[in-house]
Amino acid sequence: MRCCKRKKLFLFYYRELKKDKLKIIEEHLRKCPSCSNEYKNIETLLNRTRLSKPQLETKDLDLILRNVRNKLEAPTFWEAFKCRIKELAQNLYLGLSFRRQLIPVMLTLVIILAVFPLFRSSRYQIEKEFDILQIELELSLENTDQESIFEIYEDPSILEDNMSSLGHPILHKYLPIVHKETSKLG
Amino acid sequence: MLRHKEEQVIGLIEKFRCGNDEAFDEIVRLIASDIVNIAYCYMKSLEDAKDTCQDVLLKLYRRLKSFRGASRISTWIYRVTINTCIDSLRKKKTTVSLDEAITKDEKSDILVTERVERKDNQIIIRKALEMLSLRQKNVIILKHFEGLKIHQISEILGCSQSSIKTHLVRALDNLRKELGGIK
């Protein structure tokens, strides 16, 4: 077995591993002097890291109880409401404090989801308007130069092909007009 | 250790719900010292810990009747205690002399040198605890000083067991760095 990581040794100290793992580590500690040494250091340190626990005397308990009773005699609705709101906020804070690393990720996701559709739709809008403008320019006899009119006159299917390749629904509105105009010229 | 008193507390709560107001006094006598112990890990001075204990008991009194039993009673009390301690710390934000905080609970029959050594150690441990982040502090207090299991801590703090393990190991690493010279 490989040498134990520090995390395993800490969890081994608290017996917070499965039974089979506990046995494996126990055996390993018997064989491996470096791990055994490391574990002894951890054990010594943690055994000595203890805080003295104050024992409350009866008079202390009586005093606490009396103070609590005094405070309870005049409980206002507003105080209870404020207390409840504070506790809810604290519960939320306590929960979030362990998941704080998720907050930037969630925020980024929300921003992307909020901004991306706007960006897409505005681009589509520009493209669409540009297409319409292009078609209108081509169809306008005043704004089309002579060469393009003659080309359309000789072969109207060029324009039809070009327009259908653009694939915009508004083309279907203009195509019959083109046919009508070219047939008049013909 | 609140966990060991759970059955007694549940019995007293039932009496309290039935209208026996004196049952609350018994609950206070049963759990007040545990609450003070936890609060003392956060609060630096014993007097502050006692004040926090009063606030916790006040909250318990007001909400015991509406406690639905969604979690274990000890889990709920731990949660209320931790939240109240955090709240009190925020309100205070003033540092208390550690020497003053530790003298009161030392037994008089210990030799002077030993007492001084122990007092020094207590100061070092409390200072090391202050260096930890709130998350690490919560975990180390519940695990190391209160002796709860990791799954119980995850219930109290409302986060996953793996997260608790990670914070525990980080907290112990930091404690180890800070307490390198402890005797």
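Residues numbered from 1 in each chain as written. Chains lettered and ligands numbered in written order. Predicted model: local features only at pLDDT ≥ 70, side-chain atom pairs only at ≥ 80, totals over all residues. Heavy atoms only, no water.

**A short note on the environment of I86(B)**
On the secondary structure map, I86(B) appears in helix 4 (residues 73-92). Taking the C-alpha atoms as reference points, I86(B) and L134(B), 48 residues apart in sequence, are found 8.8 Å from one another. (Helix = DSSP H or I, 4+ residues; strand = E, 2+ residues; numbered from the N terminus.)

**Things to note about the packing of aromatic side chains**
All chains considered together, the criterion is met by five aromatic pairs over all chains. Here the aromatic rings of Y13(A) and Y14(A) are separated by 5.0 Å at their centres, their planes lie at 80°, and the arrangement is edge-to-face. Grouping residues by exposure puts Y13(A) and Y14(A) together as buried. Seen from their ring centres, F24(B) and Y61(B) are 4.8 Å apart, and the 85° between their planes marks the pair as edge-to-face. In this pair, F24(B) sits in helix 2 (residues 22-43) while Y61(B) sits in helix 3 (residues 46-63), placing the two residues 37 residues apart along the sequence. Classification of F24(B) as buried rests on a relative accessible area of 1%. (Phe/Tyr/Trp six-rings, centres within 6.5 Å; stacked < 30°, edge-to-face > 60°. Buried < 20%, exposed > 50% of the residue type's maximum accessible area, 1.4 Å probe, protein only.)

**Here we look at the environment of I125(B)**
Considering the arrangement of structural elements, one finds I125(B) in helix 6 (residues 112-131). Sequence-wise, I125(B) and L175(B) are 50 residues apart; in three dimensions their C-alpha atoms are separated by 8.2 Å.

**Remarks on the confidence of the model for chain A**
Taken over all residues, the pLDDT of chain A has a mean of 75, while the share at 70 or more is 63%. The low-confidence segment residues 143-147 of chain A, where pLDDT is below 50, has five contacts with residues more than four positions distant or belonging to other chains. (pLDDT = per-residue confidence, 0-100. Contact = heavy atoms within 4.5 Å.)

**A look at the side chain of S154(B)**
Within the fold, S154(B) resides in helix 8 (residues 150-157). Among residues more than four places away in sequence, those in contact with S154(B) are C159(B), S160(B), Q161(B) and I164(B).

**A word on the interface of chain B and chain A**
Opposite the 62 residues of chain B that make contact, chain A presents 46 residues. Of the roughly 5,200 Å² buried at the junction of chain B and chain A (both faces included), carbon and sulfur atoms supply 59%. When the buried surface of chain B facing chain A is broken down by residue, Q54(B), H144(B) and R176(B) rank first, second and third, together holding 13% of it. On inspection of chain B and its partner chain A, the count reaches nine salt bridges. Salt-bridge contacts for D62(A) lead to R29(B); the nearest nitrogen and oxygen are separated by 3.1 Å. Inspection of the chain B/chain A interface yields 15 residue pairs in polar contact (both at pLDDT 80 or more). Every element with two or more residues in the side of chain B that touches chain A is listed here: helix 2, helix 3, helix 4, helix 6, helix 7 (134-145), helix 8 and helix 9 (161-178) of chain B. The greatest single-element share of the side of chain B that touches chain A, amounting to eleven residues, is contributed by helix 3 of chain B. (Buried area = accessible area lost by both parts, 1.4 Å probe. Salt bridge = Lys/Arg side-chain N within 4 Å of Asp/Glu carboxyl O. Polar contact = N/O pair within 3.5 Å; in protein donor to acceptor, adjacent residues only side chain to side chain.)

**Comments concerning helix 7 of chain B**
All names here are of chain B. For helix 7, with twelve residues, the first-to-last C-alpha span of 15 Å sits near the 16 Å given by 1.5 Å per residue. Taking burial as the measure, the twelve residues of helix 7 include ten buried ones, the bulk of the element. The set of residues buried in helix 7 consists of Q136, K137, N138, V139, I140, I141, L142, K143, H144 and F145. Phi turns positive one or two residues past the end of helix 7, at G147, with a value near 70°. (Expected span 1.5 Å × (residues − 1).)

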